[in-house]
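Structure assessment
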Amino acid sequence: MPELHLHAPLIIAACFASATADTVSSELGNVYGRRFYHILSFRKGVKGANGVISIEGTLAGCIGSLVIALLYSFWQGWNTDLLLIVGAGIVGNLIDSILGAALENKRYISNNAVNFLNTIAAAIFVLILNLLR
């Protein structure tokens, strides 16, 4: 889709923000999280299980998205793209948890598919918002 080439750096940054948020929230959430909740039911969950989140892990994921957005902005310029990238990372991270709870736990899709879909969700999110502004 050659007409999207101008949006490519922003889309790529959104994908990296989503992947970073997912990794950081999973790893640091397991280390620093205190209470764990299933993302669909908000009932107490087991640390490390698919679709289980913690406040600490979620905040760490937000910070991970922000780091990617800051790196992008350093090279591409300081504008509202920073907010779009952070938002895309957060959306992708939440999509990852939802897909893990709804589909991966039931073995409908693999973890690789969940990771692919969360980055695609972030890319679509940032592209739509960028086209609307």
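In this text the structure is predicted, and so the values were computed from the model without any measurement.

The number of helices and strands found in the chain is 4 helices and 2 strands. For the chain, the sequential pattern of α-helices and β-strands runs α-β-β-α-α-α. For 133 residues, the compact-globule estimate of 2.2 N^0.38 gives 14 Å, and the chain sits close to it at 15 Å. Considering only contacts in the chain between residues 6 or more positions apart, those separated by 24 or more positions represent 62%. Accessible surface for the chain amounts to roughly 7,900 Å². Of this, 68% is attributable to carbon and sulfur atoms.

It is worth spelling out the environment of alanine 121 at this point. Here alanine 121 shows up in helix 4 (residues 111-132). Given the relative accessible area of 21%, alanine 121 is considered partly exposed. Separated by 20 residues in the primary sequence, alanine 121 and alanine 101 place their C-alpha atoms 16 Å from one another.

The description of two aromatic rings rests on the distance between their centres and on the angle between their planes. Taken as a whole and judged by the stated rule, the model has 1 aromatic pair. A centroid spacing of 5.0 Å and a plane angle of 85° characterise the contact between phenylalanine 74 and tryptophan 75, whose relative ring orientation is edge-to-face. Each of the two residues, phenylalanine 74 as well as tryptophan 75, counts as exposed.

Turning our eyes to something else, we now look at the side chain of aspartate 96. Residue position: aspartate 96 is located in helix 3 (residues 81-104). One buried charge, aspartate 96, has no salt-bridge partner; the nearest side chain with opposite charge is arginine 107, at 15 Å.

Analysis parameters
Residues numbered from 1 in each chain as written. Predicted model: local features only at pLDDT ≥ 70, side-chain atom pairs only at ≥ 80, totals over all residues. Heavy atoms only, no water. Helix = DSSP H or I, 4+ residues; strand = E, 2+ residues; numbered from the N terminus. Rg over C-alpha atoms; globule rule 2.2 N^0.38 Å. Contact = heavy atoms within 4.5 Å. Areas by Shrake-Rupley, 256 points an atom, 1.4 Å probe, with all protein chains shown as cover. Buried < 20%, exposed > 50% of the residue type's maximum accessible area, 1.4 Å probe, protein only. Phe/Tyr/Trp six-rings, centres within 6.5 Å; stacked < 30°, edge-to-face > 60°. Lys, Arg positive; Asp, Glu negative; His and termini not counted. Salt bridge = Lys/Arg side-chain N within 4 Å of Asp/Glu carboxyl O.

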